[in-house]
Amino acid sequence: MNGGLPGFRTPPRYRSHNAPASRAVVVATALFSIPFGFRGRFLELGLSYQNVYEKLSIWRLITSLFAFSSTPELIFGAALLYYFRVFERQIGSNKYTVFIVFSTLVSVLLQILALGYLKDPSINPLMSGPYGLIFASYVPFFFDIPISMKFRILGLSLSDKSFVYLAGLQLLFSSGRRSIVPGVSGILTGLFYRLNTFGIRRVKFPEFATLLFSRLSWPFSSNPYQGLPTTENDGSIPSHQGAHTATQDPTESSIAALVSMGFDRSSAIQALALTDYDVNLASNILLEAQALRQ
């Protein structure tokens, strides 16, 4: 997983300044997990048949959405949430906020239905945390994020996406069926979103919602994209108007990786300069530019 704190920064062209929605989710997860999640195995913060259908403990819906119940789960979960900020950069904060709300609510509904249908004591309580959002994000990750690098380790053929899948598998099987049910619910929700159920992919949150996320989550003091021109070049990659604002030249290997995917060299250089030389994000921008031209 690449990036660092600057990974929450994003070009103005994509209307997701500092990836506010992604950052708000990561912050909320940490804030809920630290005081509640580390005691979760005793408090049973996750959903269970008794709590949902008999005791009607509505407060557990909130804790089950955000609080991980152990430190390893928090580490893997927060890392994946941070990595998947790439989708906010790709589709913009307004649409990504809809994805967050949709994947969270629908996955919780599926978990509740699974508890009522299975009535299996071995899955009570289900694991708490934003499993729905994390595993819903694996659907666009599988379909939309291209492989930019392949390599072999101990005879196994791997790619730069393999480590993201391994982190997801670790989280999915961390507690057996108690974690598999929320994970599968998230994957199904991601498929519903991709199939554009009820026209959900056309819905956008109003601009003030993303501004609220920016105010509620921790700010970062600087933004390397400030000053970049945002004029568009025939609906594709924002042009630099002759000024090289990047502090270093894109590496030839990164350019070659994008060119090998079918993009022209000049567009690859522009996309890399806009994304701090993140090949995955640059390829996403180029793919979106192609879709806009079609």
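Residues numbered from 1 in each chain as written. Predicted model: local features only at pLDDT ≥ 70, side-chain atom pairs only at ≥ 80, totals over all residues. Heavy atoms only, no water.

### What about the overall build of the protein?
Then, number 1: Assigned secondary structure in the protein consists of 14 helices and two strands.
Then, number 2: Long-range contacts, defined here as pairs at least 24 residues apart, represent 77% of the contacts in the protein between residues at least 6 apart.
Then, number 3: Surface accessibility of the protein: about 14,600 Å² in total, with carbon and sulfur atoms responsible for 64%. (Helix = DSSP H or I, 4+ residues; strand = E, 2+ residues; numbered from the N terminus. Contact = heavy atoms within 4.5 Å. Areas by Shrake-Rupley, 256 points an atom, 1.4 Å probe, with all protein chains shown as cover.)

### Focus: the pairing of strand 2 (residues 156-159)
Then, number 1: The sheet contact formed by strand 1 (residues 150-153) and strand 2 spans four bridges and is antiparallel. When the bridges of strand 2 are listed, Ile153 appears paired with Leu156.
Then, number 2: Adjacent in sequence and paired antiparallel, strand 1 and strand 2 are bridged by two residues, among which Leu154 carries a positive phi angle near 55 degrees. (Pairing = 2+ DSSP bridges.)

### Some details on a nonpolar patch on the surface
Then, number 1: Together, Phe142, Phe143, Val184, Ile187, Leu188, Leu191 and Phe192 give the surface a local cluster of nonpolar side chains, amounting to about 590 Å² of exposed area.
Then, number 2: For the nonpolar patch, the element with the highest residue contribution is helix 10 (residues 177-194), accounting for five residues.
Then, number 3: Among the structural elements, Phe142 can be located in helix 8 (residues 131-144).
Then, number 4: For Phe142, a relative accessible area of 52% translates into the label exposed. (Patch = residues over 30% accessible without salt bridge, like charges linked within 9 Å, V, L, I, M, F, W, Y side chains within 5 Å. Salt bridge = Lys/Arg side-chain N within 4 Å of Asp/Glu carboxyl O. Buried < 20%, exposed > 50% of the residue type's maximum accessible area, 1.4 Å probe, protein only.)

### Comments concerning the nonpolar core
Then, number 1: Membership of the largest hydrophobic core comes to 34 residues, with the highest contact counts inside it found for Leu80, Phe84, Ile134, Tyr138 and Phe141.
Then, number 2: Mapped by element, the contributors of at least two residues to this core are helix 1 (20-33), helix 5 (71-83), helix 6 (85-91), helix 7 (93-118), helix 8, helix 9 (162-172) and helix 14 (279-293).
Then, number 3: For this core, the leading source of residues is helix 8, giving seven residues.
Then, number 4: Judged by nonpolar contacts, the second largest core, of eleven residues, contains Phe263, Leu272, Tyr277 and Val279. (Core = buried A, V, L, I, M, F, W, Y, C linked by side-chain atoms within 4.5 Å.)

### Let's talk about the UniProt feature "transmembrane region" (unreviewed entry) in the protein
Then, number 1: According to UniProt, the positions carrying the feature "transmembrane region" (unreviewed entry) are residues 21-38, 58-84, 96-118 and 130-147.
Then, number 2: Between the end C-alpha atoms of residues 96-118 the distance is 32 Å, and the span holds 100% helix and 0% strand.
Then, number 3: Its end C-alpha atoms 26 Å apart, residues 130-147 is made of 78% helix and 0% strand. (UniProt positions renumbered as here; feature names shortened; annotations may be inferred.)

### Details of the packing of helix 7 against helix 10
Then, number 1: In contact at an axis separation of 8 Å, helix 7 and helix 10 are set at 130 degrees when each is read in the N-to-C sense. Considering their axes alone, helix 7 and helix 10 lie oblique with respect to each other. Helix-helix and strand crossings are classified by hand; for helix 7 and helix 10 the assignment is right-handed. Facing Lys95, Phe99, Phe102, Ser103, Val106, Ser107, Leu110, Gln111 and Ala114 of helix 7, the residues of helix 10 in contact are Val181, Pro182, Ser185, Gly186, Leu188, Thr189, Phe192 and Tyr193.
Then, number 2: For the contact of helix 7 with helix 10, the per-class residue count stands at ten nonpolar, six polar and one charged. (Axes fitted to C-alpha atoms, helices over the stretch in contact; angles between N-to-C directions. Parallel < 35°, antiparallel > 145°, perpendicular 65-115°, else oblique. Left-handed = near helix turned anticlockwise from the far one by under 90°. Nonpolar A, V, L, I, M, F, W, Y, C, P; charged D, E, K, R; others polar.)

### Some remarks on the packing of aromatic side chains
Then, number 1: Scanning all chains against the criterion turns up 18 aromatic pairs.
Then, number 2: With 5.3 Å between their ring centres and 25 degrees between their planes, Phe32 and Phe66 make a pair best called stacked. Taken together, the residues span a long stretch of sequence, with Phe32 in helix 1 and Phe66 in helix 4 (residues 59-66) at a distance of 34 residues.
Then, number 3: By relative accessible area, which is 24% here, Phe66 ends up partly exposed.
Then, number 4: When the ring of Phe141 is compared with that of Tyr165, the centres are 5.1 Å apart and the planes differ by 70 degrees; the resulting orientation is edge-to-face. Of this pair, Phe141 sits in helix 8 while Tyr165 sits in helix 9, placing them 24 residues apart in sequence.
Then, number 5: Among the aromatic side chains, those forming a connected cluster through ring pairs are Phe68, Tyr83, Phe84, Phe87, Tyr131, Phe135, Tyr138, Phe141 and Tyr165.
Then, number 6: Of note, Lys161 hangs over the ring of Phe141, and the distance from its end group to the ring centre comes to 4.7 Å. (Phe/Tyr/Trp six-rings, centres within 6.5 Å; stacked < 30°, edge-to-face > 60°. Lys NZ or Arg CZ within 6 Å of the ring centre and 35° of its normal.)

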